[in-house]
There are 2 protein chains.
Amino acid sequence: MSFKVKTQGITGDAAFTAKAQAYKDRLDAQIPSNLRLPSAIVDNLPLDVTGIPTSCGLLTPEELAITELDATAVCEKIASGELTAVEAVTAFGKRAAIAHQVTACVTDFFLEEGIQQARELDEYYKREGKVIGPLHGLPISIKEHIPIKGRWGSAGFLATVEISSDDCDMTRALRSLGAVFYVKTNQPQTLQHLETQSLYGRTLNPYNSNLTPGGSSGGESALVAMKGSCMGVGTDGGGSIRAPCAHCGLYGIRPSCKRMPTFGYLAYQRGHDGYVTSTGPMCSSSRDIRLFLQAVLSTRPHIRDPSLMPFPVTIPDLSKRVLRVGIMMHDNVVMPHPPMLRALELAKQKLGASSNIEVIDYQPYKHDEGMSIIRPMYFEDGARTARRLMKEGGENILPLSEWVTSPPYVKDHDALAMWALHDKRNRYRRAYSDHWRQQGCDVLLCPPFHGVASLHDTAKYWGYTAVWNLLDYPGVIFPTGLKVDPSVDIPRDLPSPMSPTDEYNRSLYDPELFVGAPISLQVIARRFNDGLALAGQEVIERIIKA
Amino acid sequence: MSFKVKTQGITGDAAFTAKAQAYKDRLDAQIPSNLRLPSAIVDNLPLDVTGIPTSCGLLTPEELAITELDATAVCEKIASGELTAVEAVTAFGKRAAIAHQVTACVTDFFLEEGIQQARELDEYYKREGKVIGPLHGLPISIKEHIPIKGRWGSAGFLATVEISSDDCDMTRALRSLGAVFYVKTNQPQTLQHLETQSLYGRTLNPYNSNLTPGGSSGGESALVAMKGSCMGVGTDGGGSIRAPCAHCGLYGIRPSCKRMPTFGYLAYQRGHDGYVTSTGPMCSSSRDIRLFLQAVLSTRPHIRDPSLMPFPVTIPDLSKRVLRVGIMMHDNVVMPHPPMLRALELAKQKLGASSNIEVIDYQPYKHDEGMSIIRPMYFEDGARTARRLMKEGGENILPLSEWVTSPPYVKDHDALAMWALHDKRNRYRRAYSDHWRQQGCDVLLCPPFHGVASLHDTAKYWGYTAVWNLLDYPGVIFPTGLKVDPSVDIPRDLPSPMSPTDEYNRSLYDPELFVGAPISLQVIARRFNDGLALAGQEVIERIIKA
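Everything numeric here is computed off the predicted structure, so don't read it as measured data.

Caption draft 1: Looking closely at the relation of the copies chain B and chain A. Superposition record for chain B on chain A: RMSD 0.0 Å, screw rotation 180 degrees, translation along axis 0.0 Å. The superposition operator between the copies reduces to a two-fold rotation axis. Considering only C-alpha atoms, the residue of chain B closest to the rotation axis is Asp414 of chain B, which sits at 2.0 Å. Both copies present the same face, since 100% of the interface residues in chain B are matched by interface residues at the equivalent positions in chain A.

Caption draft 2: View of the sheet that holds strand β1 (residues 106-109) of chain A. All names here are of chain A. Strand order in the open sheet formed by 11 strands is β1-β5-β2-β8-β10-β9-β14-β15-β13-β11-β12, and the pairing between neighbours is mixed. For this open sheet the edge positions go to β1 and β12 (357-361), each flanked by a neighbour on one side alone. Each strand of the sheet is rotated relative to its neighbour by a mean of 25 degrees, with strand direction disregarded. Bridging between strand β2 (residues 139-143) and strand β8 (residues 231-236) involves 2 bridges; their strand directions are parallel. Within β8, the position partnered with Ser141 by the bridge is Gly232. Here helix α19 (residues 463-471) sits on the sheet in contact with β8, β9 (251-254), β13 (443-446) and β15 (518-525), set at roughly 20 degrees to β15. Here helix α21 (residues 530-545) sits on the sheet and contacts β9, β11 (323-327), β12, β13, β14 (475-483) and β15; the angle it forms with β14, its principal contact strand, is near 15 degrees.

Caption draft 3: Spatial organisation of the interface of chain B and chain A. On the chain A side, the residues contacting the 41 residues of chain B number 41 residues. With both sides pooled, the region where chain B packs onto chain A buries about 3400 Å², and carbon together with sulfur makes up 58% of that total. The largest contributions to the chain B side of the interface with chain A come from Pro306, Trp419 and Arg430 of chain B, which together make up 24% of the buried area. Taken together, chain B and chain A are joined by 6 salt bridges. Residues Arg425 of chain B and Asp273 of chain A are paired through a salt bridge, measuring 3.0 Å at the closest nitrogen-oxygen approach. At the surface where chain B touches chain A, the tally comes to 25 residue pairs in polar contact (both at pLDDT 80 or more). Residue assignment for the side of chain B that touches chain A shows that the elements contributing at least two residues are α9 (169-176), α13 (301-304), α16 (384-393) and α18 (415-439) of chain B. A total of 13 residues in the side of chain B that touches chain A trace back to one element, the largest contributor, which is α18 of chain B.

Criteria and cut-off values
Residues numbered from 1 in each chain as written. Chains lettered and ligands numbered in written order. Predicted model: local features only at pLDDT ≥ 70, side-chain atom pairs only at ≥ 80, totals over all residues. Heavy atoms only, no water. Least-squares fit on C-alpha atoms with pLDDT ≥ 70 in both. Contact = heavy atoms within 4.5 Å. Pairing = 2+ DSSP bridges. Helix = DSSP H or I, 4+ residues; strand = E, 2+ residues; numbered from the N terminus. Axes fitted to C-alpha atoms, helices over the stretch in contact; angles between N-to-C directions. Buried area = accessible area lost by both parts, 1.4 Å probe. Salt bridge = Lys/Arg side-chain N within 4 Å of Asp/Glu carboxyl O. Polar contact = N/O pair within 3.5 Å; in protein donor to acceptor, adjacent residues only side chain to side chain.

In C-alpha cells:
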C-alpha cells in the first residue's frame, strides 16, 4: 500500500473536500523544497522508517547529532554556549519535515518563524550572557488543539479549524521559559481516538507503518519517535498521551489534572465536568519529564488560572527505602498481547530479585465498571455537539468516531442523569482508593495498553489508560527497550475470553503484524502523587534494564 | 408573639403532620425534665435571650464558667487535667438544652451518650496520662445533615430523615481526635435558605428573636451564640456558615472546597459538579478556627477521600510586612444596611491609620453576573428532586424554598445547558482572578451580608457570600464588637436603588427592628489561601478593636 493510501485522511462532501484540500495544500507548501524526500524514498518506504532521517542525506552529521539529544541536553548545551538556539531548531525542524513525509505527523510547519524566535533568543544570550529561562532555545512541538498565536489549530473537526489569535496559557508559559515553536502535530477527528486520523491524514507508527502511533497525541508521538522533536506537548483524557508514548517507545506523563495549565486549549465540549483532560510532555528521557513539569510550574500558572493546584510536584528520594511496587498483569477485562506479557514477566522477575523492591501481586478493582462510568462521560450530550460539528464541516464520520460516540455507552443526559453518572464516578473513586490502600503498594506497574500498538482502526479498548483518567491517578510511560519479536512473542494458550472485547483483541494478534514495535510499560501512583510516579518509574526502569 | 408561634415549623398533609409530630415529640422527650425552663420564662422571653442561661438558675456557676470558654481553652484545660471531659460536655449539654428552649436550635439531643463518650476519654486520660488527640474531650455540635452513627439526620426534607448507620468522614475524624458529640442542630427545608426553618421549627436569633440566626447552619449559630456549644460544624454552599456566623456574632470560616472532608454528608443532589459545598467550624474565637482546621487536617483526610486537596493550611506570618487590604463597601447590586456601613467605615478609618496596612478601595467585578451563574447551579434539575422529596414527605413548600427554586434562575438543564452554564462559571472565575490581581490586594474586607441579619422570611439576596462560593475563595467571619444601635444606625439618604433587590432590601430597614444584633465582617482571600484569610482576619480585627 502506498504512503498516500496509508495516510488517507477524513473524507466528506464537496465543501469539505475543497476546504480540506486547501488546508493540506497549505501544509504541503510549508515544507520547503530543499527538505523534500525524493520519490524514490517515499515510494519505497520500509515498514520501519526511523532510519530515514539518517539515510536520506538531507541532514548534516551535526544536525543528526543535535537531534539525537534529549531536551535536557539541548538546554544544557545552549545554556553553556555549545549550541545555539538557531542550530537546535534548524536541526529538529529539518528532521521534522522528513518525519512528516514518512509518517504524516504534522499539521502546521513554520520553521522560519521558529528560527526567527531562536535568533532573538541567541541575541538575548549574547547580550545578557545568560539564558532567558530553563527552556531557553528548546524546540518544542505542540499538538494541534493547543493554540500558538498566529498558528493553525483545531478542536478535531474541520469546522473548528482556525488561526489562533493568541497563545494559550501553556504556550505562553513555554514561550516565557525560552521554548521555540516550529511545528504543530496531528490529532484525530473528535480528539477521542487512541489513533490519529484527521483531515490532514492518518499518522503512521514510525516503527511499523501497519500500526498507529497511538492517539490522540499521535502526531506528537510519531514526530518525537522520529526525533523531529525532542519535546512534545500532548493532552490526555483517556490515554491520549500515554498510548502514543507507549506505542512509539517514548517517555511521557499524564499528570494529575489541574497541575499543568490547559486554559485556552481548543475544545468543543467546554464546561463539561465529568472528567478532566490533563496535559503533559512526550519526550525521550524521564529527566525531560521533570524538566518540563518543573519549568512550567516555575511560572506559577495557578496565579493566572485559579482552577489549578497551587502546590509543587515533589519528587521523593527513593534511594533509602524499599519501594512497594504492585504489578498488574491484566485488568480482568482484556488480556494483553504476548509482547506486553513478556515485558511484564521480565519486570516481575527483575523487580522480585531486587532488595529495594517489594513486589505486590496487584488485583484490579472492577476496571470494567470504571470503563462503564467514564465512557458515557466523554460525550454526555449523546455526542450531539461532535455530530453537529461534523455535519457543519461536511465531514464523514470515521469508524472510530462512530464507535466512540455510539450506544450503549454514549447517550444524551439530562441533569438528573448527569448527576447520577457523576455520583457513580465519585463512589467508584472512593471505593478504588480504599482498594488501593488495601493492596498496599506505593506505585503500580501495569500495561499502558492491551497491545504494543493497534493495527489501524482497531483501538477499541481504553481500559489500561482511561480507568486512571477516571481516578485521576498520574501515569508515567517508559520504554522497556524490548521490541516485538515474532520468534518469541508467539500467541499463547489462554482460558476462555474474559469479555467480548478480550475476544476481539485476541483475534487481532499476529506477531508478524506487530514486528518491531517497541514495548513500553506504565507506572501509576495515587492522585497528586506525580512525583512519586516519576521517581518510581526511574527506579523500576533502572532495575529492569540492569 | 409566643415562642411557640415564632418557632412554628414546616406544615404538610396529614401523613407529614403525624410523622413530623413524632420527630418533634422525640426531640422534646430528649430534653431531660431537670433541664426544662419554667413556663414563666418561656412565656415571657425578652427579644434578646442570651442572658437566660445565666439567669435561669439551671447551671451551676462552675458550669457557666466552663461554657464561657472557647474551644482552645476547653482543650487546654482538659489536657492539663484542670477539667474533665465529663464536666465539659455536661456544662455545654445543659446550656444547649436551655438554648434550644429559647431559640429552637436543636434537632437531636443526646447528652447521655456524650457523657458516656466523655467518661471513656477521661478514663483514657487517667490510664495513659495523655490526651487521645488535640480535641480530647471537646464537645462539638453538629449540623443535622452531617451523620453521626446512631443519631438522627436529614438532608433538609422529612422524606430524608434517618438514623445514620455510620459516621461520615468528618465525624469519624473528629471522634478520632477526641471530640465528644451530644447535639445536632437545625437546618432549613432544602438546605438552601440563609435562614433556618425545618419540620422541627424555626430557629431564632438569640440576640433578637425578630431575626433569623441565618442559615442553613442556623441551628449551629444560635446554639454557639447561646454558648450551648463552643465549636459547631456547619456547611456552606452559598453562605450557610458565614451568614449564620455573621448574624450571631461568631467566628467561622468557609474553607476553600475540598480542604475539609464532606464525604458521607446527607444530600439530595449527589453528583452535581456545578458548585461544591465546603464545611468548617463555627466558634467563638479565631484561634478556634485554626484549632479545628489543623486538627482535622492532622488526620490526613485526603488519604481516605481522594477528592480532597493533599496540602496543609499554611498560616503566614504577617507581622513583618504591610498587608494590602481591599475594602469593598458594597457590591454594586445591594447597598448594605446602615449598621454594616458603619462597621465598614470604622474599619476603613482604623485600617487606614495603621502603618501595617495599605488600604485599597476595592471595586467588585460583576457580582450580579456571578449571582446569575451560581443561582441556576443550585438546582440544575429545575428543583425536580427537591420538589419530589417535598411531595414524598407531604410537606408544604416554605416561601423561601419557593423563592429559591423558582424561575427565572432555576430551570431544568440538559447536558448542553449544563456545560454552557459551567463554562460561564469557568470564564467568570478566570475573569475575576484577573480582576483581583489588578486590584492588588492580599485580602478583602467586605460585608458578610447586606444586613446584620434578616427579618424572618426575607433573606432573598446571597450576593455577599455566594459569589465567593462560585469563585471558591475562602471567607472568614468575625464580630466587630459593634451592635445595632437605633440612635446611630438611622436610615441614610441614598441615590436611586442599584437593583430591584436593593430596593427590596432598603424597604426592610428599620433600626428598631434590628436592635441589638451583632455586626460582623468578612475577610476573603484568593482560592486555597485559607491561611492568609485567617492571618489577615486576625490582623484586621486587632486593628479595628484597638
